[in-house]
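One letter stands for each residue in the lines below.
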Amino acid sequence: NAGVTQTPKFRILKIGQSMTLQCAQDMNHNYMYWYRQDPGMGLKLIYYSVGAGITDKGEVPNGYNVSRSTTEDFPLRLELAAPSQTSVYFCASSYSSAGSRGNEQFFGPGTRLTVL
Amino acid sequence: AQSVTQLDSQVPVFEEAPVELRCNYSSSVSVYLFWYVQYPNQGLQLLLKYLSGSTLVKGINGFEAEFKKSETSFHLTKPSAHMSDAAEYFCAVAGQGAQKLVFGQGTRLTINP
């Protein structure tokens, strides 16, 4: 099993450009998540999905969009990139929610994005 | 809602010295507690978790954590640090029935020879 994969690993964008961060998992997990990690701030949840066709906002959704057309894939779209979106982005998946018997989240290796 | 506070942003220790990384949480409902580790340039991986029962939880790589409900704490310990333990450690909490995991700010553990 590859687990959770993310592409690209690195990307530099100019202000105002758009891009899609790809995330895929092969564990047949229902739940998928997008986090951003900024130094000293821990991980902040951007969006999450509890199954194909169902998404919901997390703590910091502004400037981002998601879709979940299949169980495996959960892409994150950045429209009109801004310097404040410079961060490391992690995708994660789990069989069920963390509040359901403490389901473990499995993380991808991350995408390091710089907006100049 | 739940929140997590990791009391130290950085913890330096000498090799073979004991390690303690502190974590306090806040919640109005019963919780599940987690410690994740992030090695340089990698994603997070689960170190250990507390669900219920014994309050002393053992994880991978010799780490363990003790759940103290009266102190709302879940501190991570290891009796003897190795150079390979250098990483960032995140404490996280989920309320029972909650959809989401809430992470602390992280503690960077550095090991000096």
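What counts and what doesn't
Residue numbers restart at each chain and count upward from 1, following the sequence in its written direction. As they are written, the chains are lettered A onward and the ligands numbered 1 onward, keeping that order. Under the rules for a predicted model, residues below a pLDDT of 70 receive no local features and side-chain atom pairs below 80 are neither given nor counted, while totals for whole chains, interfaces and linings still include all residues. Think of the side-chain values as coming from all heavy atoms in the structure, minus any hydrogens and water. Whether two residues touch is decided by their heavy atoms; if any such pair falls within 4.5 Å, the residues are in contact. Accessible area that two parts lose when put together, with a 1.4 Å probe and added across both, is what the buried area reports. By definition here, a salt bridge exists when the distance from a side-chain nitrogen of Lys or Arg to a carboxyl oxygen of Asp or Glu is within 4 Å. Helix and strand labels come from DSSP, where a helix needs a run of H or I of at least four residues and a strand needs a run of E of at least two; each type is numbered from the N terminus. Burial classes follow relative accessibility: with a 1.4 Å probe on protein chains only, a residue under 20% of its type's maximum area counts as buried, one over 50% as exposed, and anything between as partly exposed. Polar contacts here mean pairs of N or O atoms no more than 3.5 Å apart (in protein, one a potential hydrogen donor and the other a potential acceptor; neighbouring residues in sequence count only if both atoms are side-chain atoms). In short, DSSP must find at least two bridges between two strands for them to pair. Axes, fitted as lines to C-alpha atoms, cover a helix only where it is in contact. Angles between the N-to-C directions of the axes lie from 0 to 180 degrees. Centre distance within 6.5 Å is the pairing criterion for rings of Phe, Tyr and Trp, where only the six-membered ring of Trp is used; planes under 30 degrees apart are then read as stacked, over 60 as edge-to-face, and the remainder as tilted.

On to the interface of chain B and chain A. At the interface, 25 residues of chain B touch 26 residues of chain A. When the two sides are added together, the surface that chain B and chain A hide from each other amounts to roughly 1,800 Å², 54% of it contributed by carbon and sulfur. Contact with chain A buries area across many residues of chain B, yet Gln99, Lys100 and Phe103 of chain B alone supply 28% of it, more than any other trio. Applying the counting criterion to the chain B and chain A interface returns zero salt bridges.

As a further point, take the side chain of Asn103 of chain A. Residue position: Asn103 of chain A is located in the loop between β9 (87-94) and β10 (106-107). Residue class for Asn103 of chain A comes out buried when judged on its relative accessible area of 16%. A polar side-chain atom of Asn103 of chain A sits 3.3 Å from the main-chain amide nitrogen of Ser96 of chain A. Excluding anything up to four places from it in sequence, Asn103 of chain A contacts Tyr95, Ser96, Ser97 and Ala98 of chain A together with Phe34 of chain B.

Right, let's get into the sheet that holds strand β1 (residues 4-7) of chain A. All names here are of chain A. In space, the four strands of this open sheet follow the order β1-β3-β8-β7, with antiparallel pairing throughout. Taken across any chain shown, the strands that pair with only one partner, and hence form the sheet edges, are β1 and β7 (64-66). When the angles between neighbouring strand axes are averaged without regard to direction, this sheet yields 20 degrees. Here strand β3 (residues 19-25) pairs with strand β8 (residues 76-78) via three bridges, running antiparallel. Looking at the pairing, Thr20 lines up with Arg77 of β8.

We now examine the packing of aromatic side chains. Applying the stated criterion across every chain yields a total of 13 aromatic pairs over all chains. Ring geometry for Tyr33 of chain A against Tyr35 of chain A: centres 6.1 Å apart, planes inclined by 25 degrees, an arrangement best described as stacked. The pair Tyr33 of chain A / Tyr35 of chain A is uniform in exposure class, with both members buried. Note on Tyr35 of chain A and Phe103 of chain B: the rings are 5.5 Å apart at their centroids and 90 degrees apart in plane angle, and the pair reads as edge-to-face. With Tyr35 of chain A in strand β4 (residues 31-37) and Phe103 of chain B in strand β11 (residues 102-103), this residue pair bridges two chains. A relative accessible area of 8% places Phe103 of chain B in the buried class. Site record: aromatic cluster; members linked through ring pairs are Tyr31, Tyr33, Tyr35 and Phe107 of chain A together with Phe34, Tyr36, Phe90 and Phe103 of chain B.

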